[in-house]
Structures are given as C-alpha cells and as structure tokens.
Amino acid sequence: MTDRSTTRRARTRRTLVFAVFLVVLALLYTGYKAFGQAVDDTQRDWWVVGSFLPRSDDKNMPPVLDILAEFGQAPREGGTTIGRLTLDGALFTLREAAVGFAAGTIIGLAIAVVLLQSRRAERGVLPYVIASQTVPLIAIAPIVVVWGRTGLEFLPWEWKDWMSVSLIATYLTFFPVAVNGLRGLQSPSPEASELMQSYAAGRRQVLRRLQLPASLPYLFPALRIAATASVVGAIVGEISAGVRGGLGRLILDFAGKYITGPERLYVAIIGACITGLVAVGVVAAAERLLLARRGIVAQ
Amino acid sequence: MAQDLVLEIAGLEKTFNPGRANAVTAISELDLSVRPREFVSIIGPSGCGKSTLLRLVGGLIDPTAGDLSVNGRSAQEARLARDYGMVFQAAGLLDWRTAVRNVELPLELMGWSKFRRRARAKEMLELVDLDGFASHYPAELSGGMQQRVSIARALSFEPSLLLMDEPFGALDEMTREYMQTELLKIWRETATTVIFITHSIPEAVFLSTRVAVMSPRPARIAAEIPIDLPERAPQVRDTEEFFRSVSLVRRTLRSVEHE
Ligand SMILES: Nc1ncnc2c1ncn2[C@@H]1O[C@H](COP(=O)(O)OP(=O)(O)OP(=O)(O)O)[C@@H](O)[C@H]1O
Ligand SMILES: [Mg+2]
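Residues numbered from 1 in each chain as written. Chains lettered and ligands numbered in written order. Predicted model: local features only at pLDDT ≥ 70, side-chain atom pairs only at ≥ 80, totals over all residues. Heavy atoms only, no water.

*Asks:* So what exactly am I meant to see when it comes to the overall build of chain A here?
*Replies:* Scanning chain A from terminus to terminus reveals 11 helices and 0 strands. Each helix (α) and strand (β) of chain A, taken in turn from the N terminus, gives the series α-α-α-α-α-α-α-α-α-α-α. Burial statistics for chain A: of 299 residues in total, 38% are counted as buried. In chain A, 72% of the contacts between residues at least 6 apart in sequence involve partners at least 24 apart. Accessible surface, chain A as shown: approximately 17,100 Å² in total, 66% of it carbon and sulfur. Mean positive and mean negative side-chain charge positions of chain A (31 and 21 charges, respectively) differ by 12 Å. (Helix = DSSP H or I, 4+ residues; strand = E, 2+ residues; numbered from the N terminus. Buried < 20%, exposed > 50% of the residue type's maximum accessible area, 1.4 Å probe, protein only. Contact = heavy atoms within 4.5 Å. Areas by Shrake-Rupley, 256 points an atom, 1.4 Å probe, with all protein chains shown as cover. Lys, Arg positive; Asp, Glu negative; His and termini not counted. Charge placed at Lys NZ, Arg CZ, Asp CG, Glu CD.)

Here it is, written out as structure tokens:
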C-alpha cells in the first residue's frame, strides 16, 4: 500500500528531524559555553552572558560530553550508576503517572457522560470542575500523602505513598478529559442523533455507537496534555510530599549535591524529559491506532 | 381507521414553544393519507413546515393536536417498531465506519448477527450500485455516493415507509437526475412507500405518483396533484405530458403562496 509506505516515510523523517534537533540543541549549548569562555564571562562585565544569562563555567554548564559520561558513573565505587538510578526513578515515576492517568481518564469520561445527560447538570457542575483546577498542586500534595497514610485504612488494599502521588496525576488528568470529552460527546450533528432515534436506539447504544467514537478526536489532544501533566505532576508531587523512589526525589538529592557534581542533575532532568516524551508517545501511538482507521489519514 | 393506509393524518397541528412569546405554529389543520406503494412528494414555500411534518410522521417530535397513524399505530409506536427509514439532505454517515459498516449500523442496533447483517449490507450496496466501495470510508466517497450509502442504510431493515427530506438538495444537476433514476429503480424493486420532500418541481413530478402542495405557515396540504406519466425513464423529462404536469404544479404552488 502506498498509504502505509508514505506514513512510514513520514515517521522516519520525523525521527530524523528529532535527532537533528537534539544535535543542534547540544551544539547551541556548547557554542554558548565556548562563547562565554572566550569572552571570559566570569568578569561579569559582559552584560548578557554570565549575568543576565547563566555563566558558562563547568559548574553552571557542565560540558555535554561530561553529562553523557555521567550516565555511566557510579556515586560509590562499584555501586549503581547514575544512569541506572535515573532509569529506576523514571520507571517509578512513570508507574505513578500511568496509574493516575488511567484513573483520571476513567473519572473524566464518567463526569463527561454524566454531564451529557442534561444541560442543567452541565451548567451546574462544570464551573466546579473548572474551579477544582485552581487549587495549587504543591499545597495539596503533602495533604494527600498524609491523608493517604492515615485516612484510607478502610480500603481493601494497603495504601502506599506513591498512590498519593498518582492521585495528583489523576487530579490533573480528569479535568481536560472531562471538558474535552464532553465537547466530543456533544459533537454529533442533530441529524445523526435523530437518525439514531429513528432506529429506536437506546441511550446506551447512542453513547457507544455514536457519541463515544465521535468524541475520540476531541479526547486525544486532552489525553496528550494530560500525559505530560501526569508526569510533571508526579515529579512535583514527589518533591513536595517527600515521596522516595522516583525522579522527584532524585532531582532533589542531586540538586543538594550540585556543588560536587552538577552533571548528575542534568542527567536527572534529561531523564524527566524522556519520561514525559515516553508518556506522550504512548498516547500518540494509541491515537494513530484508533484514528488511522477512519480513512482520514491522521497526521 | 382504514387498514389499507400506510399513513393517515387528520387535523394535525404543531406549535413550537407553545404559550411563550416565541411560539411558532408551523402546521395547522393538516390532512394527508398515503396508500401502500405510493410515492408522494411534498413541495411548498421555504420554511412552511415540510421538515416539521416529516419529523412528526417519523415520531421524532410530538404533535400539539390531531391524529397521526402509521400502519394503524401512533408515530412513536411505529418508530419503536422501526417502521421508518430516514434520509436527510446531509448523508449523515459516521466517518469512522466504512460504507458497508454504515449500512450495517441500524441492523447492529437491532441485534442482527454479524453474518446476516454483513450479507444484507452487501446486498443493499449492490442495490445502490456501490458494491465496489464497501470498504471505503465516507471521506473517500463523493457526495452522491455518500447519499446512496445513506439510502442503502435507510432501506437495509426494510422499513414500510421511507421518509426523505431533500435528499438530493446538495447534489449537482447531473448527479441529481442519476440519483432520481436510481431511487425509482429501488422504489420499484423494494415495494416501499416513499414520502419525499423537495424544492424542485421537476424532481417532484418525475418521481411521484402524487404531489402534495403545502401552504405557507401555518401549513396545511393545500392541493394534491396526481401525476400520471406513461413511463418514468429519463427521457420522459422531455415530453409534453411532463411539461404539463410541471406547469400545473408550478401554478398551484404560486396560487397557494399568494392566498
Ligand atoms: N425546533 C424548533 N423550534 C422552534 N421552531 C422551529 C423548530 N423547528 C422548526 N421551527 C419553525 O417551524 C417552521 C417550519 O420549519 P421547517 O424546518 O419545518 O420548514 P421547511 O419547510 O422544512 O423549510 P425549508 O424548506 O427551508 O427546509 C419554521 O418557521 C421554523 O422556524
Ligand atoms: Mg426543511
């Protein structure tokens, strides 16, 4: 099929563009650093580089190759490497984010389906859904962890701290899913709804055959936003609530030891970026799988 | 109530937003009877209530007053018994389903087995000359082809009454004439009763056994004109008899508009 080969070619091109983008980023970083060194920005008389913008010495901007080498270094002789620590942290954080994301998607969709049933429910409840997002995450994270430790004993399973962090990801996910999901569920034309009515379709059949499939193109942009928000929310939640095991804790640790090894923090940050990309990538793959069958070739 | 009527309407009235400042009486004192196998076109001034009448017949909205029975049942009962196939101006296909799966949709809702509904859907696509396009998505079909899929879908469950609201309104003249011929062929082959709304007088004359002319709002059926053409082949459009009928409908419509 020509269709498939063009999409494959497009994908290869995108991968290539991304690789070039990374190289350019590294070159810009290195170039800025070289320029700062050359004009000797430690003198602070250069008005942008070194004062307004970060200084280019190895403490503030470790060389790219040093950062890459740091992946293989172990803090203690013969111990776990930084790269490994970051990977473990990333997987831990990704699990928190994924569980929270899944729960948030289900809750968000459930809210959308409930609000779909009546205009009055929509008008009455939607403002509260929107208001829910004004609560500052950093403030509620510790509360959620404490609440999880003390208040959730009635649950049939043991509540772990990381689940509290998941709850934060849930909180960030349900909102865009509910809002966009509702718009998507409402997107079928009046004709399409009347047609279903003329087939004497029940409410559930309309939901399953018409409204849910019609909502997917509205839902996926929300899911992509929610995927990154879940990862960022999980990291911030770990930091603010002091949950160990994930990237958030790692970033906090490495920031504390910045003076003796700034490269580590960069490794953790790169790890966080990759984790976010993986999350978005999974959602994008699901989107391609579900929407490419619609004849309109998805971008 | 006579059993030999597919549709019997007497003293029908529909007022939107009754009792409020924005109340609109779209239909009032409307009578109409349709016998099995008839092809009745409804024509009338824009905004007079043609679509409203069709939606009342289809049980999508309820009348304010009057009697309406379809095969001896109320419109709601008939709708729940799936007596209707509906076709609108917009084909209204689900764009995530292929042509054949769009035709299958009503059968799926009615709980047909996968095998049976696939076989029937293929059959219907053949009927509208789209057998080669079963696995195409709506986005890959022309407007006329989409409308044919929509007709196939409406006929798939063999409704006793086919309700069409300007189904060819969005098509160009050539496609339109082709679709008219197709529709007549289908009508003959399936023994369906058709109620067909249109703005085009020649279209109404070419297709129908009877043309019902509606008055301006509040609408009633102001005149019914039986059409008696010797044969309904495309070339009939160029005959004297055809012109006479067209002109009769046009004069009736004009006199109704200036009542
Ligand atoms: N849901 C509704 N609420 C209020 N008024 C309505 C509604 N539907 C139709 N009307 C009014 O009823 C009248 C008839 O509308 P209808 O759509 O039946 O006309 P029509 O004959 O199909 O027009 P057209 O030829 O333009 O398709 C119009 O005045 C319209 O404003
Ligand atoms: Mg209309």
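*Asks:* What am I meant to see in the site of ligand 1 here?
*Replies:* Residue and element names in this part refer to chain B. All residues in the neighbourhood of ligand 1 are listed as Phe-16, Ala-26, Ser-46, Gly-47, Cys-48, Gly-49, Lys-50, Ser-51, Thr-52, Glu-166, His-199 and Arg-217. Separating an oxygen atom of ligand 1 from a side-chain N or O atom of Lys-50 is a distance of 2.8 Å. In this structure, His-199 approaches ligand 1 through a side-chain N or O atom, which is 3.0 Å from an oxygen atom. (Near = heavy atom within 4 Å. Polar contact = N/O pair within 3.5 Å; in protein donor to acceptor, adjacent residues only side chain to side chain.)

*Asks:* Would you take a moment to explain the confidence of the model for chain A for this structure?
*Replies:* Close inspection of predicted coordinates is inappropriate in any region flagged by low pLDDT. Considering every residue of chain A, the mean pLDDT works out to 87; 92% of them sit at 70 or more. When mean pLDDT is taken per element in chain A, helix H4 (residues 82–116) of chain A scores highest with 94 and helix H2 (residues 48–52) of chain A scores lowest with 62. (pLDDT = per-residue confidence, 0-100.)

*Asks:* What is the right way to look at the sheet that holds strand S6 (residues 161–165) of chain B in this model?
*Replies:* All names here are of chain B. Ordered by their spatial adjacency, 6 strands build an open sheet running S5-S6-S7-S3-S8-S9, and the pairing between neighbours is mixed. For this open sheet the edge positions go to strand S5 (84–87) and strand S9 (221–226), each flanked by a neighbour on one side alone. Recorded for the sheet is a direction-independent mean angle of 15° between the axes of neighbouring strands. Pairing between strand S3 (residues 39–43) and strand S7 (residues 193–197): 4 bridges, direction parallel. (Pairing = 2+ DSSP bridges. Axes fitted to C-alpha atoms, helices over the stretch in contact; angles between N-to-C directions.)

*Asks:* Is there a simple way to explain the sheet that holds strand S4 (residues 65–70) of chain B in this structure?
*Replies:* Where strands meet in a sheet, backbone hydrogen bonds hold them as pairs that are either parallel or antiparallel. All names here are of chain B. Strand order in the open sheet formed by 3 strands is S2-S1-S4, with antiparallel pairing between adjacent strands. Edge positions in the sheet fall to strand S2 (24–34) and S4, since each of these pairs with one other strand and no more. The sheet shows a mean angle of 25° between the axes of neighbouring strands, direction not considered. The pairing of strand S1 (residues 7–16) with S2 spans 7 bridges and is classified as antiparallel. Its bridge partner being in S2, Thr-15 is matched across the sheet by Thr-25. Helix H1 (residues 50–57) contacts S1, S2 and S4 of the sheet and is inclined by roughly 120° relative to S1.

*Asks:* Sorry if this is basic, but what is going on with the interface of chain B and chain A here?
*Replies:* Many authors give the size of an interface as the accessible area that is lost as the parts come together. Counting residues at the interface gives 23 residues for chain B and 18 residues for chain A. Across the interface of chain B and chain A, roughly 2,000 Å² is buried in total on both sides, 62% from carbon and sulfur atoms. The residue Glu-108 of chain B makes a salt bridge to Arg-209 of chain A at a minimum N-O spacing of 2.5 Å. There are 6 residue pairs in polar contact (both at pLDDT 80 or more) connecting chain B and chain A. The dominant element in the side of chain B that touches chain A, judged by the number of residues it contributes, is helix H3 (residues 99–109) of chain B, at 4 residues. Of the residues in the side of chain B that touches chain A, the class split is 13 nonpolar, 2 polar and 8 charged. (Buried area = accessible area lost by both parts, 1.4 Å probe. Salt bridge = Lys/Arg side-chain N within 4 Å of Asp/Glu carboxyl O. Nonpolar A, V, L, I, M, F, W, Y, C, P; charged D, E, K, R; others polar.)

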